[in-house]
Amino acid sequence: MQTQLIKHDKKQVDKIDARRRHYILAFVSYITSLVMFIYGIKNIHAEEILLPVILFGTGLLFLVNIIVFQISDNLDRACAVEAILVGFFVLSLVFQGGYNNTALYWVFPFPAILFGLLGVRKALIFNFLLLTSLAVMLYIPDLIPAQYKDAEASRFIASLVIVIIVCWINDFYRERSHQAMDKLQESKELQANTDALTLLANRRFIDSSLMPNLAEQPELFVPLALIMCDIDHFKRLNDRYGHNVGDDVLKAISMLFKRNIRQQDFACRIGGEEFLLILPHTNHTDALNVAEKIRQQVSQEKMLKQDKHYQVTASFGVAICESAEQYDEALKLADKMLYSAKNAGRNQVAG
Ligand SMILES: Nc1nc2c(ncn2[C@@H]2O[C@H](COP(=O)(O)OP(=O)(O)OP(=O)(O)O)[C@@H](O)[C@H]2O)c(=O)[nH]1
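Residues numbered from 1 in each chain as written. Predicted model: local features only at pLDDT ≥ 70, side-chain atom pairs only at ≥ 80, totals over all residues. Heavy atoms only, no water.

Caption draft 1: The sheet that holds strand β1 (residues 224-231), seen in detail. Read from one edge of the open sheet, 5 strands run β2-β3-β1-β4-β5, paired in mixed fashion. Whereas interior strands pair on both sides, the edge strands pair on one side only; in this sheet they are β2 (266-269) and β5 (349-350). Direction of pairing for β2 relative to strand β3 (residues 274-279): antiparallel, over a ladder of 4 bridges. Looking across to β3, one finds that A267 is bridged to L277. The strands that helix α10 (residues 243-260) touches are β1, β2 and β3; relative to β3, the one it contacts most, it runs at about 10°. Helix α11 (residues 284-300) rests against β1, β3, β4 (314-321) and β5 of the sheet, and its axis sits at about 165° to β4. (Pairing = 2+ DSSP bridges. Helix = DSSP H or I, 4+ residues; strand = E, 2+ residues; numbered from the N terminus. Contact = heavy atoms within 4.5 Å. Axes fitted to C-alpha atoms, helices over the stretch in contact; angles between N-to-C directions.)

Right, dumping it as structure tokens:
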């Protein structure tokens with residue numbers, strides 16, 4: 001669950017990538033429609049009506065697509081539509097020939113645009129389809145009204161293949177390095193949120209990951225049970241057997257927590273010998289039962305190899321949190337309950 005929450009926080013990386021695609025979409029839409037309208041006006045009296053129709057038509061469609069995106073906020077759909085418009089524009093321009101038969105020059109920016117809009121795999125397929133359609137149009141001249149010289153067509157196709165391959169290599173490794181950075185960041189984040197001795201989550205995890213998620217999506221957590229746990233007379237144990245033995249006890253208790261909580265629960269070390277178990281969707285009775293079960297197991301487990309008769313015990317305080325705003329109050333209550341368990345003689349649960 002700790003890893004899942006950290007992954008959830010990594011959505012920041014996806015947001016940056018979505019922004020990149022958004023800018024490409026906006027740039028291509030506005031610039032292409034502007035260029036289309038300017039050329040449409042320039043060619044309004046062209047001999048063939050098809051050219052201004054293509055120019056105004058695609059210009060308008062690019063504009064409509066970005067406006068629909070601004071309203072609907074559906075980036076994937078807008079990018080897919082944009083890619084289809086790009087394909088349609090490229091094919092119809094080459095079909096018609098463009099102004100003074102210059103259509104082929106306008107094709108070269110589009111492979112890179114397709115990679116920017118669609119991501120590596122889809123863009124590669126799309127570019128391949130576009131390339132094949134262009135090759136068919138150029139090598140079977142009877143299919144289209146525009147006339148291109150044989151040498152011109154071959155050079156164009158060869159250059160386009162090079163452009164597509166370079167864009168593909170570039171984008172493939174950009175995506176790979178993006179994924180590697182993402183993993184590295186995730187493992188650094190996990191390390192920073194983990195207590196080195198017990199490998200439980202630490203206080204930083206609660207503050208930087210759990211709390212924002214609780215505030216953002218309380219329905220995933222509440223009612224949230226907080227079980228505060230403190231090992232009894234730990235100072236005495238340390239003094240008698242040494243710090244290393246104390247450390248081993250901390251590790252053994254942490255393992256015991258992990259064995260007794262569900263996959264969606266969190267076990268955190270929040271102080272020297274103080275722990276906090278955080279159990280989402282858990283009511284007061286269930287939380288008391290969990291605490292009692294763990295208390296019994298702690299008191300029954302032989303934790304010291306050096307002294308099989310030494311009984312480690314722990315005290316527990318339980319409270320329920322119903323909202324993110326209530327968290328601090330519930331934590332204070334769990335702490336208060338813990339102290340009443342200590343005052344009542346230790347090795348017990350209060351809540
Ligand atoms: N071995 C070990 N000891 C630690 C660690 N962190 C804190 N401690 C010790 O934990 C002890 C906590 O002692 P106290 O706060 O007096 O509490 P206690 O002896 O457990 O007594 P009660 O809580 O009242 O039952 C101190 O002696 C700390 O030095 C740690 O990482 N390893």
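Caption draft 2: The arrangement of the site of the ligand in detail. Taken together, 16 residues form the shell around the ligand, and within it H233, F234, N238, D247 and R269 come nearest. Measuring from an oxygen atom of the ligand, one finds a backbone N or O atom of H233 at 2.8 Å. Between the ligand and D247, the relevant distance is 2.6 Å, taken from a nitrogen atom to a side-chain nitrogen or oxygen of the residue. For the shell around the ligand, the secondary structure elements donating two or more residues are β1, α9 (234-241) and α10. The element best represented in the shell around the ligand is α10, accounting for 4 residues. Here the residues of the shell around the ligand are counted per class, giving 3 nonpolar, 5 polar and 8 charged. (Near = heavy atom within 4 Å. Polar contact = N/O pair within 3.5 Å; in protein donor to acceptor, adjacent residues only side chain to side chain. Nonpolar A, V, L, I, M, F, W, Y, C, P; charged D, E, K, R; others polar.)

Caption draft 3: Region of interest: the nonpolar core. In terms of nonpolar packing, the biggest core is built from 45 residues, with V90, V94, L134, L138, Y148 and F156 touching the most fellow members. Secondary structure elements with two or more residues in this core: α2 (11-42), α3 (50-72), α4 (75-96), α5 (109-118), α6 (120-139) and α7 (150-192). By residue number, the principal contributor to this core is α4, which donates 10 residues. Every residue in contact with L134, bar those within four places of it in the chain, is listed here: V90, L91, V94, V107, F156, I157 and L160. In this structure, A252, I261, L304 and V318 belong to the second largest nonpolar core, which totals 31 residues. (Core = buried A, V, L, I, M, F, W, Y, C linked by side-chain atoms within 4.5 Å. Buried < 20%, exposed > 50% of the residue type's maximum accessible area, 1.4 Å probe, protein only.)

Caption draft 4: Fine view of the packing of aromatic side chains. For the coordinates displayed, the defined rule picks out 9 aromatic pairs. Geometrically, the ring pair formed by F108 and F156 is edge-to-face, given 5.4 Å between the ring centres and 65° between the ring planes. On the criterion of sequence distance, the pair formed by F108 in the loop between α4 and α5 and F156 in helix α7 is long-range, its members being 48 residues apart. Residue class for F108 comes out partly exposed when judged on its relative accessible area of 26%. A relative accessible area of 4% means that F156 is categorised as buried. Every member of this aromatic cluster is reached through a ring pair, and the members are W168, F172 and Y173. Positioned over the ring face of Y39 is K42, at 5.4 Å from the centre of the ring. (Phe/Tyr/Trp six-rings, centres within 6.5 Å; stacked < 30°, edge-to-face > 60°. Lys NZ or Arg CZ within 6 Å of the ring centre and 35° of its normal.)

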